[in-house]
2 protein chains.
Amino acid sequence: MIQAEIITIGDELLIGQTIDTNSAWIGEQLSLLGINVRQITSITDSEEHIIETLDKAKQKAQLVIITGGLGPTNDDLTKDTLVKYFNTRLVENKEILSSLKQKYENFGLPFDDVNKAQALLPENCIPLPNRRGTASGMWFEENGIVFISLPGVPYEMKGILQEEGFPRIKKHFNTPKVIHKTLRTIGIAESSLAEILKNWEKELAENNIKLAYLPSPGFVRLRLSAFDATEQTEKIITSKVKEAYRLIGEYIYGEDNQTLEQIVGELLKNNGKTLSLAESCTGGTIAKLITSVSGSSEYFKGGVVSYANEVKNSVLHVSTEVLNEYGAVSEQVVRSMAKNVCKLMKTDCSIAVSGIAGPGGGTEEKPVGTVWIAVSYNGKVSAKLFRLPYNNRERNITVASNFALNLLRKKLIQ
Amino acid sequence: MIQAEIITIGDELLIGQTIDTNSAWIGEQLSLLGINVRQITSITDSEEHIIETLDKAKQKAQLVIITGGLGPTNDDLTKDTLVKYFNTRLVENKEILSSLKQKYENFGLPFDDVNKAQALLPENCIPLPNRRGTASGMWFEENGIVFISLPGVPYEMKGILQEEGFPRIKKHFNTPKVIHKTLRTIGIAESSLAEILKNWEKELAENNIKLAYLPSPGFVRLRLSAFDATEQTEKIITSKVKEAYRLIGEYIYGEDNQTLEQIVGELLKNNGKTLSLAESCTGGTIAKLITSVSGSSEYFKGGVVSYANEVKNSVLHVSTEVLNEYGAVSEQVVRSMAKNVCKLMKTDCSIAVSGIAGPGGGTEEKPVGTVWIAVSYNGKVSAKLFRLPYNNRERNITVASNFALNLLRKKLIQ
């Protein structure tokens, strides 16, 4: 397996001003290409420290990816350090120069000497054009080891790697054919999945298909990966995915990069259904998730965040008798909220949530984490009680919101 | 200055499954103590690699903090590796053992040999008790260099450092007296702040007070730091903060760790005012921010997410004439939304937002980023137009939501 190291440069990483998300993304992408990342090193903008770290990295790695320190200001030292390290000199790159001029013109900004310096590149590197910014990526080769230097701005770095870096890496290292397939589950614990999938997992291992459980609150993703994959492997993965649907299909809400809010949105759109929301403890989080999808105005009409009981009564017309008799966190109240918000906003479906997010407000009968969710679909209302195990307000809100979306999803696929 | 290195251990960090937030937090805390973090290294669970990294770290650092790899399962190698590295042996720690037993009893879980192994600790370490989990922290000293090993679970790691680690570090290294003061601004660019504060900054530098600009979308934090601070320094900082309020006071919404939603919440509570919301393009994000503060039910009654124009009309009673004549993104519509939601939910104040978050929906007259915000306060409505420069849906929504909260804050302090 090809060994890689990632070096991220910048004082802001060491004093906690910026969380290094670049190396996690690069690490994931390289591992998807079948390349092993053995170390990530974050260091300050210092020539001595950069050189020392490059020296160490090349002892163990065939690929070294460096991010940061490519800005035009004095505290950015990476380019000059690389010139020294690879014993070369800076030369003006005409293509980069004219594309930079164009960029500054488009923005109506003056093109001065500081900006012009961004067109000076080490003579022995292959420039990797940056379509989203002004600092070019650079590809160096020395004794069969590849060094790639990239700007630290995440979306510029990602753009350069996706358009220029990864295609070159694949070709240069002749990386193996890799297949990944991800199944996304909700509402089942990792340990319970592992129990159900015990035998299913064995057959994967026998066929050299790796399985990773990737948990996050409420969710577990299952990622199948095959390196040096043949047509036969592809067939096996397809058949194992089918089998997974038979075993744990009720928990699978999507595949690969699909999010729950995207899937619910697509189902609503495809079924020609409109949605409204009545949120109490989730306080607008479900609305935020739904509207984070661009184009959601096609199926989402609106919602009521009925935090106070008066609002449940005055806007959503939940009767005071029901509120007083059963309490705001009850089956009766969420059913009424779901039914009435559909009527109020003239929608085909709705979701209603009422619960205790914490840290305060819990009782013996209804402890923190108690959440009632109702879904109204084509005039029929169903409700379900959840007892979330978290003593954390944010987590209860997030998980309740996703469980609510999942209840609607299940109605939409029935 | 004391030099420190951070080593984070775990395969999940290298394949991008987990973003390493631990080292950013530790880096921030150490720099606040006046300790310089020179390198962060993330490595796999491998004995050889751990030892090699420790060897390198101790050549340059007086303090080495290691996180991860302390679980009870076979793939966690840190403890055994440290035993080897410090040439010691594992012994059972009676206090830790009895506290572990207690924890398992409380959870109603069986206390087996695997769990019991968590009470075995290297003979020559000072145990740092973990009140939130089962893996103890460990403090080693060798030739004047301090090594601290901690579990990788963020809230356990933070708890141990705050309760046990940092007090010991301060004492052991006799760290300098450090003062930090943060001013939080909104609605002004970093470069404009720097222009206004040019002379103000000079005097800081003359008194050895460091200034950091910490920008995030819509916000800039200004952090003043003084190391080896005397009473005189404290006085200077107090007077410079006062001066900053004179220069940029209109942009400062809070200090230190206060968030905008907390401050707005406190102002509402202290003034005895209640709040309602009418959100269109922000789609519930303001409600989510407000309700993320525990205890917000004291002042927040509820909100309407009026995504569709029909809902603006039927629920919020914005007249169809106004909607048709001016369009949903207009001063007239947000004024009407703000006024009517106050009436609907019987509150003292409200915020209303309507805009174009993108990527679609922009026109020449109202491009993506156009946002109208209205605030109703004690029966009076004011409105303001923002033209946000982002071509990014998520960023437009976040910044518009925070600008909306800030408009209300300004009314509350008038």
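Residues numbered from 1 in each chain as written. Chains lettered and ligands numbered in written order. Predicted model: local features only at pLDDT ≥ 70, side-chain atom pairs only at ≥ 80, totals over all residues. Heavy atoms only, no water.

Visitor: Sorry, what's going on with the packing of aromatic side chains here?
Guide: For any pair of aromatic rings, geometry is given as the distance between the ring centres together with the angle between the planes. This structure, assessed with the given rule, holds 18 aromatic pairs over all chains. Pairing Tyr307 of chain A with Phe300 of chain B gives two aromatic rings, centres 5.5 Å apart and planes at 55°, and the pair type is tilted. One end of the pair, Tyr307 of chain A, is in the loop between strand 14 (300-306) and helix 13 (309-314); the other, Phe300 of chain B, is in strand 14 (residues 300-306), on a second chain. Each of the two residues, Tyr307 of chain A as well as Phe300 of chain B, counts as buried. Between Tyr85 of chain B and Phe147 of chain B, the ring centres sit 6.4 Å apart and the planes meet at 70°, which makes this aromatic pair edge-to-face. Within this pair, whereas Tyr85 of chain B is found in helix 4 (residues 78-85), its partner Phe147 of chain B is found in strand 8 (residues 145-150), the two being separated by 62 residues in sequence. (Phe/Tyr/Trp six-rings, centres within 6.5 Å; stacked < 30°, edge-to-face > 60°. Helix = DSSP H or I, 4+ residues; strand = E, 2+ residues; numbered from the N terminus. Buried < 20%, exposed > 50% of the residue type's maximum accessible area, 1.4 Å probe, protein only.)

Visitor: Explain the packing of helix 11 (residues 260-271) of chain B against helix 16 (residues 393-413) of chain B here, please?
Guide: A pair of packed helices is characterised by two quantities: the angle between their axes and the separation of those axes. Residues and elements named next belong to chain B. Where helix 11 contacts helix 16, the axes come no closer than 10 Å and their chain directions differ by 30°. When the interaxial angle is binned, helix 11 and helix 16 end up roughly parallel. The hand of the helix 11/helix 16 crossing is left-handed. Packed against helix 11, whose contacting residues are Leu260, Glu261, Ile263, Val264, Leu267, Leu268 and Asn271, the element helix 16 presents Asn402, Leu405, Asn406, Leu408, Arg409, Leu412 and Ile413 at the interface. Broken down by class, the residue content of the contact of helix 11 with helix 16 amounts to 9 nonpolar, 3 polar and 2 charged. (Axes fitted to C-alpha atoms, helices over the stretch in contact; angles between N-to-C directions. Parallel < 35°, antiparallel > 145°, perpendicular 65-115°, else oblique. Left-handed = near helix turned anticlockwise from the far one by under 90°. Contact = heavy atoms within 4.5 Å. Nonpolar A, V, L, I, M, F, W, Y, C, P; charged D, E, K, R; others polar.)

Visitor: Is there a simple way to explain the relation of the copies chain A and chain B in this structure?
Guide: One copy of the chain maps onto the other through a rotation about an axis followed by a shift along the same axis. Take chain A, turn it by 180°, move it 0.1 Å along the axis, and it overlays chain B with an RMSD of 0.1 Å. Taken together, the rotation and translation relating the two chain copies correspond to the operation of a two-fold axis. The overlap is high: 100% of the interface residues of chain A also sit at the interface in chain B, so the same surface is used on both sides. (Least-squares fit on C-alpha atoms with pLDDT ≥ 70 in both.)

Visitor: Explanation requested: the domain arrangement of chain A in the structure shown.
Guide: Many analyses report the size of an interface as the accessible area lost when the parts associate. Structurally, chain A comprises domain 1 (3-173), domain 2 (179-255) and domain 3 (260-413). In this structure, domain 1 of chain A and domain 2 of chain A have C-alpha centres spaced 36 Å apart. (Domains from an automatic or database assignment.)

Visitor: Could you clarify how one ought to interpret the pattern of salt bridges in this entry?
Guide: Two side chains carrying opposite charge are able to pair once their charged atoms lie near each other. Residue and element names in this part refer to chain A. The full count for this structure, using the stated rule, is 37 salt bridges over all chains. Arg132 serves as the salt-bridge partner of Glu163, at 2.6 Å between the closest nitrogen and oxygen. Of the two residues, Glu163 is situated in helix 7 (residues 154-173) and Arg132 in the loop between strand 6 (126-128) and strand 7 (137-142); the sequence distance between them amounts to 31 residues. Classification of Arg132 as partly exposed rests on a relative accessible area of 32%. (Salt bridge = Lys/Arg side-chain N within 4 Å of Asp/Glu carboxyl O.)

Visitor: Explain the sheet that holds strand 16 (residues 370-377) of chain B to me, please; I cannot follow it from the model alone.
Guide: Strand pairing in a sheet relies on backbone hydrogen bonds. The paired strands run either parallel or antiparallel. If you trace the 10 strands from one edge of the open sheet to the other, you get 17(A)-16(A)-15(A)-13(A)-14(A)-14(B)-13(B)-15(B)-16(B)-17(B), paired in mixed fashion. Strands at the two margins of the open sheet, each flanked by one partner only, are strand 17 (380-387) of chain A together with strand 17 (380-387) of chain B. Mean inter-strand twist for the sheet, computed between neighbouring axes without regard to direction, equals 10°. As defined by bridge partners, strand 13 (residues 275-279) of chain A adjoins strand 14 of chain A across 5 bridges and the pair is classed as parallel. By the bridge assignment, Leu275 of chain A is partnered in strand 14 of chain A with Phe300 of chain A. On top of the sheet, helix 15 (residues 331-345) of chain A reaches strand 13, strand 14, strand 15 (349-355), strand 16 (370-377) and strand 17 of chain A together with strand 14 of chain B; it is set at about 145° to strand 15 of chain A, its chief contact. (Pairing = 2+ DSSP bridges.)

Visitor: How should I be thinking about the environment of Asn36 of chain A in this particular structure?
Guide: All names here are of chain A. Summarising the element assignment, Asn36 is placed in strand 2 (residues 36-43). Given the relative accessible area of 26%, Asn36 is considered partly exposed. Sequence separation of Asn36 and Ala4 is 32 residues, and the distance between their C-alpha atoms is 5.9 Å. Those residues in contact with Asn36, other than ones at most four positions away along the chain, are Met1, Ile2, Gln3 and Ala4. Within the structure, Asn36 has its side chain in polar contact with the side chain of Gln3 (distance 2.9 Å). (Polar contact = N/O pair within 3.5 Å; in protein donor to acceptor, adjacent residues only side chain to side chain.)

Visitor: Please explain the packing of helix 9 (residues 198-206) of chain A against helix 10 (residues 231-248) of chain A as it appears in this structure.
Guide: Residues and elements named next belong to chain A. Helix 10 packs onto helix 9 with a crossing angle of 170° between their chain directions and a minimal axis gap of 11 Å. One element, helix 9, and the other, helix 10, form an angle in the roughly antiparallel class. For the pair formed by helix 9 and helix 10, the contact residues are Trp200, Glu203 and Leu204 on the first element and Lys240, Glu243, Ala244 and Leu247 on the second. Across the contact of helix 9 with helix 10, the residue classes break down as 4 nonpolar, no polar and 3 charged.

Visitor: Would you mind going over the nonpolar core with me for this structure?
Guide: Soluble, globular proteins show a tendency: their nonpolar side chains are buried together. Judged by nonpolar contacts, the single largest core of 42 residues is most densely connected at Val304 of chain A together with Val304 and Met337 of chain B. Dropping the residues within four chain positions of it, Val304 of chain A is found in contact with Leu277, Ala278, Glu279, Val311, Val315, Leu316, Val341, Leu344 and Met345 of chain A together with Gly303 and Met345 of chain B. By size, the runner-up hydrophobic cluster in this structure holds 37 residues, among which are Leu277, Leu289, Phe386 and Phe403 of chain B. (Core = buried A, V, L, I, M, F, W, Y, C linked by side-chain atoms within 4.5 Å.)

Visitor: I'm lost on the pairing of strand 16 of chain A in this one. Help?
Guide: The two faces of the sheet receive side chains in turn, since in a regular strand these alternate between them. Residue and element names in this part refer to chain A. Within strand 16, 8 of the 8 residues are buried, leaving the element largely enclosed by the surrounding structure. Side chains of strand 16 alternate between two faces, with Thr370, Trp372, Ala374 and Ser376 and Val371, Ile373, Val375 and Tyr377 buried alike. Note that strand 15 and strand 16 share 7 bridges and pair antiparallel. Each bridged residue has a counterpart across the sheet, and for Ser354 the counterpart in strand 16 is Trp372.

Visitor: Please clarify how the confidence of the model for chain A should be interpreted in this entry.
Guide: Caution is warranted with low-pLDDT regions, since their predicted coordinates should not be read in detail. On average, chain A scores 94 in pLDDT, and the residues at 70 or more come to 100%. Confidence metrics for the complex model read pTM 0.88 and ipTM 0.87. (pLDDT = per-residue confidence, 0-100.)

Visitor: I would appreciate a short explanation of the sheet that holds strand 12 (residues 252-255) of chain A in the present structure.
Guide: Residue and element names in this part refer to chain A. Within the open sheet, the 4 strands sit side by side as 10-11-9-12. Their pairing is antiparallel. Strands at the two margins of the open sheet, each flanked by one partner only, are strand 10 (209-216) and strand 12. The sheet shows a mean angle of 20° between the axes of neighbouring strands, direction not considered. Across 8 bridges, strand 10 lies against strand 11 (residues 219-226) in antiparallel orientation. Within strand 11, the residue paired with Pro215 across the bridge is Val220.

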